[in-house]
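The lines below spell out each chain.
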Amino acid sequence: MVTASEKDYIYNYAYVPEHITDYVTAISGGEPFLIKDYLCYNSKGVLIFIGYPLKGAFVEAEIKDALDKAIEQVRPEQVALIAPAIQQLKYECSKGKADSYYRLDLSNIHIGQKLRNMIKHASRELHCEKRRTLGDEHKQLISEFLSSRKVDEDTQRLFEGIPKYVSSSPSAAVFEVRDSAERLIAFDIAEFNSKEYTFYLFNFRSQKYHASGASDLLLYELIKSAQEKGKPFLNLGLGINEGVIFFKKKWGAVPFLDYKYYSCNLSKSRISAIFRFLEVRQ
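Read on for an overview of the structure. (Residues numbered from 1 in each chain as written. Predicted model: local features only at pLDDT ≥ 70, side-chain atom pairs only at ≥ 80, totals over all residues. Heavy atoms only, no water.)

**Re the overall build of the protein chain**
- When helices and strands are counted, the protein chain shows ten helices and eleven strands.
- C-alpha atoms of the protein chain, sized along the principal axes, occupy 55 × 40 × 35 Å.
- Residue burial in the protein chain is summarised as follows: out of 282 residues, 52% are buried.
- Counting only contacts in the protein chain whose residues sit at least 6 apart along the sequence, the fraction spanning at least 24 positions is 71%.
- Accessible surface for the protein chain amounts to roughly 13400 Å². Of this, 48% is attributable to carbon and sulfur atoms.
- Across the protein chain, the centroid of the 39 positively charged side chains sits 2 Å from that of the 36 negatively charged ones. (Helix = DSSP H or I, 4+ residues; strand = E, 2+ residues; numbered from the N terminus. Buried < 20%, exposed > 50% of the residue type's maximum accessible area, 1.4 Å probe, protein only. Contact = heavy atoms within 4.5 Å. Areas by Shrake-Rupley, 256 points an atom, 1.4 Å probe, with all protein chains shown as cover. Lys, Arg positive; Asp, Glu negative; His and termini not counted. Charge placed at Lys NZ, Arg CZ, Asp CG, Glu CD.)

Given below as structure tokens:
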């Protein structure tokens, strides 16, 4: 468990979504704790190790030492590790996806004319609201997202835990857009519990109702809210695929951190669904 002073420390230096304890705890059920400058989560025999130091540069030798200490403390059956890169782990590990986090500098953002026109057009047809909780309509869009992809039951349960996260985090926010008939077209989930960063966590769109520029209008409103709160950066999350990368680069976001995922079996137990969740986030 992290103390009040440790929570303040995490708030001051968090720069990846996995540093947000309310988010990871609600989704994974893990208990957060710090080992040196690394945030970890203990979740029923699974150690989730966030290999991005809160303060200072990434040093492979330091992450290996901290990982060893975390394993010694928790004695897990399995380890889920994310980090910029790491070589020659002494544990039996398999490498998962490789990606990059994308960041938008909110102090130097330039919105091109084509994008401005799209936002202006969308704002004529849609209206955006900010709220604190997810209702049945939002949960339906999450279900639509899951049904459009091949996921296992464990991953589905993890995504269904998103409403719990939103309701339990005082710093999470939902940005939604509706049409003139008050139909929910799309919504974003953002997290503001960091001194310098806002985190763009999820974007869900209706499979039934479509409106051009809906996601751009949402991001525009999210950016305005982040700027009002004095946040200099927006972490837009991972690239995921070419379409998502195009959307983020269109706004001026650039890759700023490498992302590597590893799963390590310290027993013969099956790989936890928590590992998979780290790979299927939007």
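**Some points on the pairing of strand β2 (residues 38–43)**
- Burial analysis of β2 places five of its six residues in the buried class, which makes it a mostly covered element.
- Relative to β2, strand β1 (residues 31–35) runs antiparallel, the two sharing five bridges. By the bridge assignment for β2, Pro32 is matched with Tyr41.
- Connecting β1 to the antiparallel partner β2 that follows it, the hairpin turn spans two residues, and Lys36 within it adopts a positive phi of roughly 55 degrees.
- As paired strands, β2 and strand β3 (residues 46–50) are joined by four bridges and run antiparallel to one another. Bridge pairing in β3 links Cys40 to Phe49. (Pairing = 2+ DSSP bridges.)

**Overview of the pattern of salt bridges**
- In this structure the tally under the stated criterion is nine salt bridges.
- Lys36 is the salt-bridge partner of Asp65, the closest N and O atoms lying 2.2 Å from each other. Pair noted here: Asp65 is in helix α3 (residues 60–74) and Lys36 is in the loop between β1 and β2, with a separation of 29 residues, a long-range link.
- Arg131 serves as the salt-bridge partner of Glu176, at 3.8 Å between the closest nitrogen and oxygen. One end of the pair, Glu176, is in strand β7 (residues 172–178); the other, Arg131, is in strand β6 (residues 127–131), and 45 residues separate them in sequence. (Salt bridge = Lys/Arg side-chain N within 4 Å of Asp/Glu carboxyl O.)

**So, the nonpolar core**
- Of all hydrophobic cores here, the largest spans 46 residues; its most connected members are Tyr52, Ile162, Tyr165, Phe187 and Phe204.
- Sort the elements by how many residues they give to this core and strand β9 (residues 197–205) lands first, with five residues.
- Among the nonpolar cores identified, the runner-up in size contains 30 residues, and Leu104, Leu126, Ile223 and Trp251 belong to it. (Core = buried A, V, L, I, M, F, W, Y, C linked by side-chain atoms within 4.5 Å.)

**Some remarks on the environment of Leu236**
- For Leu236, the location among the structural elements is in strand β10 (residues 233–238).
- For Leu236 and Ala190, which are 46 residues apart along the polypeptide, the C-alpha to C-alpha distance reads 9.6 Å.
- Once residues lying within four places of it in the same chain are set aside, the contact partners of Leu236 are Tyr102, Leu104, Tyr200, Leu219, Lys248 and Ala253.

**Remarks on the sheet that holds β7**
- Taken in spatial order, the eleven strands of this open sheet run β1-β2-β3-β4-β11-β5-β10-β9-β8-β7-β6, and their pairing is mixed. Each edge of the open sheet carries a strand with a single partner, namely β1 and β6. Between one strand axis and the next, the sheet turns through 25 degrees on average, direction left out of account.
- In the sheet, β6 pairs with β7 via five bridges, with the strands oriented antiparallel. Counted as the bridge partner of Glu129 is Glu176 from β7. (Axes fitted to C-alpha atoms, helices over the stretch in contact; angles between N-to-C directions.)

**A closer look at the state of the cysteines**
- As enumerated under the stated definition, the model contains one disulfide in all.
- Each sulfur of the disulfide joining Cys93 and Cys264 lies 2.0 Å from the other. An S-S torsion of about 100 degrees defines the bridge between Cys93 and Cys264 as right-handed. Taken together, the residues span a long stretch of sequence, with Cys93 in strand β5 (residues 93–105) and Cys264 in strand β11 (residues 254–265) at a distance of 171 residues.
- Residue Cys93 is classed as partly exposed on the basis of its relative accessible area of 29%.
- In this structure Cys40 is not part of a disulfide, and its nearest cysteine sulfur, from Cys264, lies 13 Å away. (Disulfide = S-S within 2.5 Å.)

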